[in-house]
Amino acid sequence: MADPIAEAVAKHPPAQSVVYSYGTAGFRTKANVLDSVMARCGLVAALRSRALKGKWIGIMITASHNPPEDNGVKLVEPLGNMLTVWSTLLLYPCCDVRMRTRTNRYTQEEWEVLATEMANKSSPEEVSKHYRAIADKFHIDLQTPARVVIARDTRASGARLLSCVLNGLKGASAEAKDFGFLTTPQLHYMVRCLNTEGTADAYGAPTEKGYYEKLGEAFKRALHGKKPSGSLTVDCANGVGGPKLTELIKYLPPKGEGLEIFVVNDDVIKPESLNVECGADFVKTNQRAPPSSKAGSNDRCCSLDGDADRVIYYFKDSKNMFHLLDGDRIATLAASFLGDLVRQSGLSDSLTLGVVQTAYANGAATNYVVQNLKLKVDCTPTGVKYLHHAAEKMDIGVYFEANGHGTVIFSIDTLETIAKYEPRSPAQKEALDILRACVDLINQAVGDALSDMLLVEVILAHKNWGLQEWLSTYDDLPNRLLKVKVTDRRIFETTDAERRLVKPKGVQDDIDTIVKKVRQGRSFARASGTEDAVRVYAEAASRAEADDLAQKVYKIIE
Ligand code: NG1
Ligand code: ZN
């Protein structure tokens, strides 16, 4: 009898001697060795959907800020988050996101391991056997409908890799909805909308137009009559964010009444220019504007990454000095603004706000949150899924990685409190209206560069601040991030949210000895989850000391 699973994967044989691993950002590597992985991810997504009684699962084909020749794939859970430890939407056929249970036996690690195993099976028969073994092990009824929604960024390899995913889905008899080109956060938005459609927690219309309308309308409401000052130049990394931002602008208040946005580096016709000398990763890593930038002094600029899930701000001052406002800054800005709104609405007795960071957050940002904003800070390992998970435990959780990945999430109970609260004065009502608009403006499925950017613009307009005022809230400690090429990064094991090495033995002691001698010194080393390297981070009271500390730790790791 024909085996449709084996037949589907046989069309996409794996590359010789490549070992695949589902890491921090899904599978990500050179596009020319990904065909087999894509077809098999289709199978895993179909199984995951069936395990969740036919909920929509997302597949995003992207390699974010990586070079144009790379690509990758990520699976997205029903509420638009990454494969999570305890998904809130579980084994129930109804779509009520309130239904929380601990009966879900599937953990993030298990599904990541399943995906990794699936990707590394050598023959079509073994893949098919593994598919059935997973179904058996987790009592997945293979007759249950499976539904998968897919999108991709603008990489040249995207169309071919999409066809591999579609073949996998066809082999598994899954329903496929292909949205073509989307930003990563737009795909997350679609997944959440599709799974909550027609329920009390409906997230929005599952269309691109629905996404723009939701953001545009919330932006207008959140501005509450305030007008952003000046203009904003947005570098789109020559990625999918460019055309999508151009479309979004049509839904924002017209130029004279609202924000003037200049879209630059939006060439998606030449996919080889993606992330090259532009984009959030370039700006953050090189601590300078893209060479093509024509922005004048004090012009407000921001950069997205290749799939528009990261944003960072920057400007050059009148002395031509470059200043970066990264994810840490966006977190402190958002936490301070939302904290004020909660207080002004009269909700501070019922709601608390917290901030989640990684070890890469600048020490000055952490201090500012604790000492000035008087908020709780949690530190998690690198990777949005960890931050998101920690933020889920808070009433209002603001989470950002320093590199610009992040968002704000409101718990289900918090959403209810905000929706039902009766203001007791016109001032409370005004703050509450703005808070409610922010809830709609913020993409709660995942960090979203376009939504985060509009939130920053709203906050700056309300505070009547430019980037200079925003920058002056605190001084970043000078810092340096280095990459060490090592033969085997797996020997570097960490603890304490990746801030300390436990292996190789003795290395952490050597780092500690050096750090102790440096004013305001802090440094750590961890294996990258996306590249074959160890990253070294160092910060200190002065630029020279930070650079020197980073160099010394580099030498220890090398
Ligand atoms: P790794 O390679 O594990 O450091 C990098 C970024 C993360 C995150 C992931 C996913 C740094 C230091 N690390 O992870 O923040 O964005 O890529 O894209 O920026
Ligand atoms: Zn990205």
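Residues numbered from 1 in each chain as written. Chains lettered and ligands numbered in written order. Predicted model: local features only at pLDDT ≥ 70, side-chain atom pairs only at ≥ 80, totals over all residues.

Undergrad: Hey, could you run me through the UniProt feature "domain: Phosphoacetylglucosamine mutase AMG1" (unreviewed entry) in the protein chain in this one?
TA: As recorded in UniProt, the feature "domain: Phosphoacetylglucosamine mutase AMG1" (unreviewed entry) lies at residues 228–312 and 326–465. Counting secondary structure, residues 228–312 comes out at 20% helix and 20% strand; the distance between its end C-alpha atoms is 18 Å. As annotated, residues 326–465 has a helix share of 55% and a strand share of 15%, and its two end C-alpha atoms lie 16 Å apart. (UniProt positions renumbered as here; feature names shortened; annotations may be inferred. Helix = DSSP H or I, 4+ residues; strand = E, 2+ residues; numbered from the N terminus.)

Undergrad: Just to check I follow, could you spell out helix H10 (residues 327–345) for this structure?
TA: Residues spaced three or four apart along an α-helix point in a common direction, a consequence of the helix completing one turn every 3.6 residues. Between the first and last C-alpha of H10 there are 27 Å, a value that for 19 residues agrees with the 27 Å anticipated at 1.5 Å per step. Most of H10 sits inside the fold, with 16 of its 19 residues counted as buried. In the segment just after H10, Gly-346 is the residue with positive phi, at about 85°. (Expected span 1.5 Å × (residues − 1). Buried ≥ 20, exposed ≤ 12 C-beta atoms within 10 Å, placed from the backbone.)

Undergrad: Would you mind showing me how to read the packing of helix H7 (residues 208–223) against helix H15 (residues 449–463) here?
TA: Any two packed helices are characterised by how steeply their axes cross, that is the angle between the axes, and by the distance between the axes. The geometry of H7 relative to H15 is characterised by a closest axis approach of 9 Å and an angle of 15° between their N-to-C directions. One element, H7, and the other, H15, form an angle in the roughly parallel class. The two elements H7 and H15 meet at a crossing, and its hand is right-handed. Counted together, Leu-215, Phe-219, Ala-222 and Leu-223 of H7 and Leu-450, Ser-451, Leu-454, Val-458 and Ala-461 of H15 form the full contact between these two elements. Split by residue class, the contact of H7 with H15 holds eight nonpolar, one polar and no charged. (Axes fitted to C-alpha atoms, helices over the stretch in contact; angles between N-to-C directions. Parallel < 35°, antiparallel > 145°, perpendicular 65-115°, else oblique. Left-handed = near helix turned anticlockwise from the far one by under 90°. Contact = placed C-beta atoms within 7 Å. Nonpolar A, V, L, I, M, F, W, Y, C, P; charged D, E, K, R; others polar.)

Undergrad: When you look at the site of ligand 1 in this model, what are you seeing that I'm missing?
TA: Of all residues adjacent to ligand 1, which total 14 residues, the nearest are Ala-25, Asn-403, Ser-528, Gly-529 and Thr-530. Its residues assigned to classes, the shell around ligand 1 shows two nonpolar, nine polar and three charged. (Near = placed C-beta within 6 Å.)

Undergrad: Looking at this structure, how should I read the pairing of strand S17 (residues 500–503)?
TA: On a regular strand, one side chain projects to one face of the sheet and the next to the other, so that they alternate. Both strand S16 (residues 493–495) and S17 contribute to a ladder of three bridges, which runs antiparallel. The partner of Thr-494 across the bridge, within S17, is Leu-501. Two successive antiparallel strands, S16 and S17, enclose a turn made up of four residues, where Asp-496 displays a positive phi of approximately 55°. (Pairing = 2+ DSSP bridges.)

Undergrad: Just checking my understanding: could you explain the nonpolar core for this structure?
TA: Here is a general trend for soluble globular proteins: nonpolar side chains tend to be buried in one another's company. Of all hydrophobic cores here, the largest spans 163 residues; its most connected members are Cys-41, Ile-59, Val-148, Val-165, Ala-334, Leu-338 and Leu-441. With ten residues, helix H2 (residues 35–51) is the largest single contributor of residues to this core. (Core = buried A, V, L, I, M, F, W, Y, C linked by C-beta atoms within 7 Å.)

Undergrad: I keep staring at the UniProt feature "domain: Alpha-D-phosphohexomutase alpha/beta/alpha" (unreviewed entry) in the protein chain and nothing clicks. Help me out?
TA: Mapped onto this structure's residue numbering, the UniProt feature "domain: Alpha-D-phosphohexomutase alpha/beta/alpha" (unreviewed entry) falls at residues 57–82 and 122–198. Each end of residues 122–198 is marked by a C-alpha atom, and these two atoms are 43 Å apart; helix forms 53% of the span and strand 17%.

Undergrad: I'm lost on helix H18 (residues 543–557) in this one. Help?
TA: Under the 1.5 Å per step criterion, the end-to-end length of H18 is 21 Å for 15 residues, consistent within 8% with the ideal 21 Å. All of the buried residues along H18 are Glu-545, Ala-546, Leu-549, Ala-550 and Val-553. Viewed along the axis of H18, the buried residues span an arc of 130°, placing them on a single side of the element. Residues of H18 that are exposed and point more than 90 degrees away from the buried face comprise Arg-543, Ala-544 and Lys-555. Buried residues in H18 make contact with strand S15 (479–484), helix H17 (507–516), strand S18 (522–527) and strand S19 (534–539). (Arc of directions from axis to C-beta.)

Undergrad: Is there a simple way to explain the packing of H2 against helix H5 (residues 158–171) in this structure?
TA: Contact geometry for H2 and H5: axes closest at 7 Å, N-to-C directions at 40°. On the basis of their axis angle, the class for H2 and H5 is oblique. In this structure, H2 meets H5 at a crossing whose hand is right-handed. In contact with Asp-35, Met-38, Ala-39, Arg-40, Cys-41, Gly-42, Leu-43 and Ala-46 of H2, H5 contributes Leu-161, Cys-164, Val-165, Asn-167, Gly-168, Leu-169 and Gly-171. Tallied by class, residues from the contact of H2 with H5 come to nine nonpolar, four polar and two charged.

Undergrad: Just checking my understanding: could you explain the confidence of the model for the protein chain for this structure?
TA: Where the model shows low pLDDT, its predicted coordinates should not be examined in detail. Predicted confidence across the protein chain gives a mean pLDDT of 93, with 95% of residues reaching 70 or more. Note that residues 85–105 has pLDDT below 50 and, in this model, 35 contacts with residues that lie over four places away or in other chains. This complex was scored by the predictor with a pTM of 0.94 and an ipTM of 0.98. (pLDDT = per-residue confidence, 0-100.)

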